[in-house]
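Working through the structure, step by step
One letter stands for each residue in the lines below.
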Amino acid sequence: MAIAKELSNREFLQSEYNYHHSSYQKELEFYAAVCSGDEELVAKLFTPIGIESHGKLSRDPLTNVKYHLVITIAMLTRFCIESGMNPEKAFTISDIYIGKMDDCRSVKSVHELHHESVMYYLRECKKMASKTAYSKHILIAIDYIYENIYSGVTIQEIATELKITPQYLSKLFKNEVGMNISEYIMSKRIEAAENMLRYSEYSPLDIGNYLSFSSHSHFISAFKKKTGLTPRQYREIHFRSKWG
């Protein structure tokens, strides 16, 4: 009840003094610009953390901007993952910058770290985009794999979707992506399994079934070949180790 009372009080005061938080749409545009590597648009939309329209998270100015920086980095991490960045890489960048924040002793140093972290994510997204200038067929194939990763997608299904032969698809994929399409599909299934083992409560058996492996032993063998660990070992080491 205390939270409800405080919420009601704050909403009244914000209405009285015509105070509003930053536009949600503007925030989305900013994170999308970072993910697209658009430096000009990022510069246009960039605002320092901790300004009045961002909300007050702590009465202490330094703590306030640190809280805002954690939120910003968390949002950048998730937007970049959604844009195709490897989750482990995105979360590791997050860990590094949040770790650097511990050494900040002034509001100015937090602002500098904020700008640095935004630009680092932007550059990584830009590099990622430059490496994925694939043909239309390959882009559609990759999208199809992502959309159907849990249903045991096959090369034949993708080729049918593209209205080309499996042989031509395999050759095109190898030339552009640098690996066999079957290897790519398996790597994405294992990545999905890693995320589920790290962040979900599903058992390794359920995850293997969910990802349409032919048997639990097949799942264990494929997973260990890529990660060096069994699914159970991976869960024990990594379960929610990068949570938040």
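Residues numbered from 1 in each chain as written. Predicted model: local features only at pLDDT ≥ 70, side-chain atom pairs only at ≥ 80, totals over all residues. Heavy atoms only, no water.

1. With respect to the overall build of the chain
- A tally of helices and strands in the chain yields 13 helices and 0 strands.
- Taken from the N to the C terminus, the helices and strands of the chain come in the order α-α-α-α-α-α-α-α-α-α-α-α-α.
- Looking at the chain residue by residue over its 244 residues, the buried ones come to 35%.
- With the model as given, the accessible surface of the chain reaches about 14,800 Å², and the carbon-plus-sulfur share is 54%. (Helix = DSSP H or I, 4+ residues; strand = E, 2+ residues; numbered from the N terminus. Buried < 20%, exposed > 50% of the residue type's maximum accessible area, 1.4 Å probe, protein only. Areas by Shrake-Rupley, 256 points an atom, 1.4 Å probe, with all protein chains shown as cover.)

2. A word on helix α5 (residues 87–101)
- The terminal C-alpha atoms of α5, which comprises 15 residues, lie 21 Å apart, in line with the 21 Å expected from a rise of 1.5 Å per residue.
- Taken as a whole, α5 has its buried residues at Pro-87, Ala-90, Phe-91, Ile-93, Ser-94, Tyr-97 and Met-101. Taken around the axis of α5, the buried residues stretch over an arc of 155°, which confines them to a single face.
- Here α5 starts with a cap whose side-chain oxygen sits 2.9 Å from the backbone nitrogen of Glu-88, and that cap is Asn-86. (Expected span 1.5 Å × (residues − 1). Arc of directions from axis to C-beta. Polar contact = N/O pair within 3.5 Å; in protein donor to acceptor, adjacent residues only side chain to side chain.)

3. What about the layout of surface pockets?
- Quantified by volume, the largest pocket comes out at close to 1,300 Å³.
- What lines the largest pocket is a set of 33 residues, and nearest its centre among them are Gly-84, Met-85, Asn-86, Tyr-146 and Lys-188.
- Broken down by element, the residue count for the lining of the largest pocket peaks at 7 residues, all from helix α10 (residues 181–199).
- Among the residues making up the lining of the largest pocket, the classes are represented as 19 nonpolar, 5 polar and 9 charged. (1 Å grid on protein atoms, 1.4 Å probe; cavity = no way out; pocket = protein on both sides within 12 Å on 5 of 7 lines; lining within 4 Å. Points joined across faces, edges and corners; volume = space filled by probe spheres on them. Nonpolar A, V, L, I, M, F, W, Y, C, P; charged D, E, K, R; others polar.)

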